[in-house]
Amino acid sequence: MIDFSLARLQPAAAAVYAALGLKNGSEPSARSAALLPRAMDLFLATSEPRGMSRPVTADEFAAIFAGQGLNAPQAPLEEIFPQARRLELFAFTLGERISAEIERLFSGVDFALGFILDAVASLAADNAGRLAEEWLESQFGRQEESDSPPRAYLYSPGYCGWHISSQERLFAALRPQAIGLSLNASFLMAPLKSISGVLAVGPTVIHRIAGGYPFCSRCQSPACRERDIGIKE
Ligand code: SF4
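Not measured: the values here are computed from a predicted model.

Q: I tried to follow the pairing of strand β3 (residues 151–155) on my own but got confused; where do I start?
A: Within a regular strand, side chains alternate between the sheet's two faces. In terms of residue burial, β3 counts as a mostly covered element, since five of its five residues are buried. Side chains of β3 alternate between two faces, with R151, Y153 and Y155 and A152 and L154 buried alike. As defined by bridge partners, β3 adjoins strand β6 (residues 194–202) across five bridges and the pair is classed as antiparallel. Counterpart to Y153 in the pairing with β6 is A200.

As structure tokens, then:
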């Protein structure tokens, strides 16, 4: 059971400021500094975190990964998942209330507060992915004393060449409707502050990916670098 308590999901103030574009070490404006505690209070009051996962075999996952046949050629996950020691389908949501609150604030009520709450909620959803990764890593010990600890990473449809239409098969296999998630015709999830994908655990080396794919030029969040898993030579 993964502990998705709000205390573990809530992002640090520095992470929120960084997400809002404040450079490391810079002082936030008085307005931002006053709004952040209000956004944090709203996060705590309106979040209803729920997550689920289930193991999946490499054979079953191959069909989910293939989806509608729209993946980019040589999408990195195609090489990673067959080498994983375990795969887990995963989904998480912060629930409908916080998304509705963000929408309400954006609709002319208080755009600045909505902007900060939106950043807090996105970071909290990212934190849920990290908690799931840590949980899966904790299930594994080193096989040999010389082995490095296994690392788990979450890979999601819509990123790194894995086409978003694979959400359809992912949903059919995991059934995250049980935690309140649904998919629209463009394969986007509702509520908005939700994440899904596959957790893959194995030696760090299996997660190394070669940079420079055509789809990398459109990448807004180079998680392969943030994750410090290095680029394959
Ligand atoms: S740069 Fe972005 S799209 Fe390319 S491999 Fe890294 S995370 Fe994926």
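Q: I'm lost on the nonpolar core in this one. Help?
A: For soluble globular proteins, the rule of thumb is that nonpolar side chains tend to be buried together. Residues F81, L117, V120, A121, V198, L199 and A200 are the most contacted members of the largest nonpolar core, which totals 53 residues. Ranked by residue count, the leading element in this core is helix α7 (residues 111–138), at ten residues. Those residues in contact with V120, other than ones at most four positions away along the chain, are P11, V16, A39, M40 and F43.

Q: What is the right way to look at the packing of helix α6 (residues 96–109) against α7 in this model?
A: Close contact between α6 and α7 brings their axes to 7 Å; oriented N to C, the two are set at 150°. Judged by the inter-axis angle, α6 sits roughly antiparallel to α7. In this structure, α6 meets α7 at a crossing whose hand is left-handed. Of α7, the residues touching α6 (which contributes I98, E101, I102, L105 and F106) are F111, L113, G114, L117, D118 and A121. Taken together, the residues that form the contact of α6 with α7 break down as eight nonpolar, one polar and two charged.

Q: Is there a simple way to explain the pairing of strand β2 (residues 86–93) in this structure?
A: Across the eight residues that make up β2, a large majority, seven, are buried. Two elements, strand β1 (residues 50–56) and β2, share seven bridges in a ladder whose sense is antiparallel. Of the residues in β2, the one forming a bridge with M52 is A91. Across eight bridges, β2 lies against β6 in antiparallel orientation. Residue pairing for β6: F92 is matched across the bridge by I195.

Q: Help me understand the environment of F140 in this model?
A: Inspection of the secondary structure puts F140 in the loop between α7 and β3. C-beta crowding within 10 Å serves as the criterion here: with 16 such atoms nearby, F140 is assigned to the partly exposed category. Sequence-distant contacts of F140, that is, excluding residues within four places in its chain, are made with R85, P150 and V201.

Definitions and cut-offs
- Residues numbered from 1 in each chain as written.
- Predicted model: local features only at pLDDT ≥ 70, side-chain atom pairs only at ≥ 80, totals over all residues.
- Buried ≥ 20, exposed ≤ 12 C-beta atoms within 10 Å, placed from the backbone.
- Helix = DSSP H or I, 4+ residues; strand = E, 2+ residues; numbered from the N terminus.
- Pairing = 2+ DSSP bridges.
- Core = buried A, V, L, I, M, F, W, Y, C linked by C-beta atoms within 7 Å.
- Contact = placed C-beta atoms within 7 Å.
- Axes fitted to C-alpha atoms, helices over the stretch in contact; angles between N-to-C directions.
- Parallel < 35°, antiparallel > 145°, perpendicular 65-115°, else oblique.
- Left-handed = near helix turned anticlockwise from the far one by under 90°.
- Nonpolar A, V, L, I, M, F, W, Y, C, P; charged D, E, K, R; others polar.

So, to be careful, I would describe these as geometric facts and stop short of saying anything about function.
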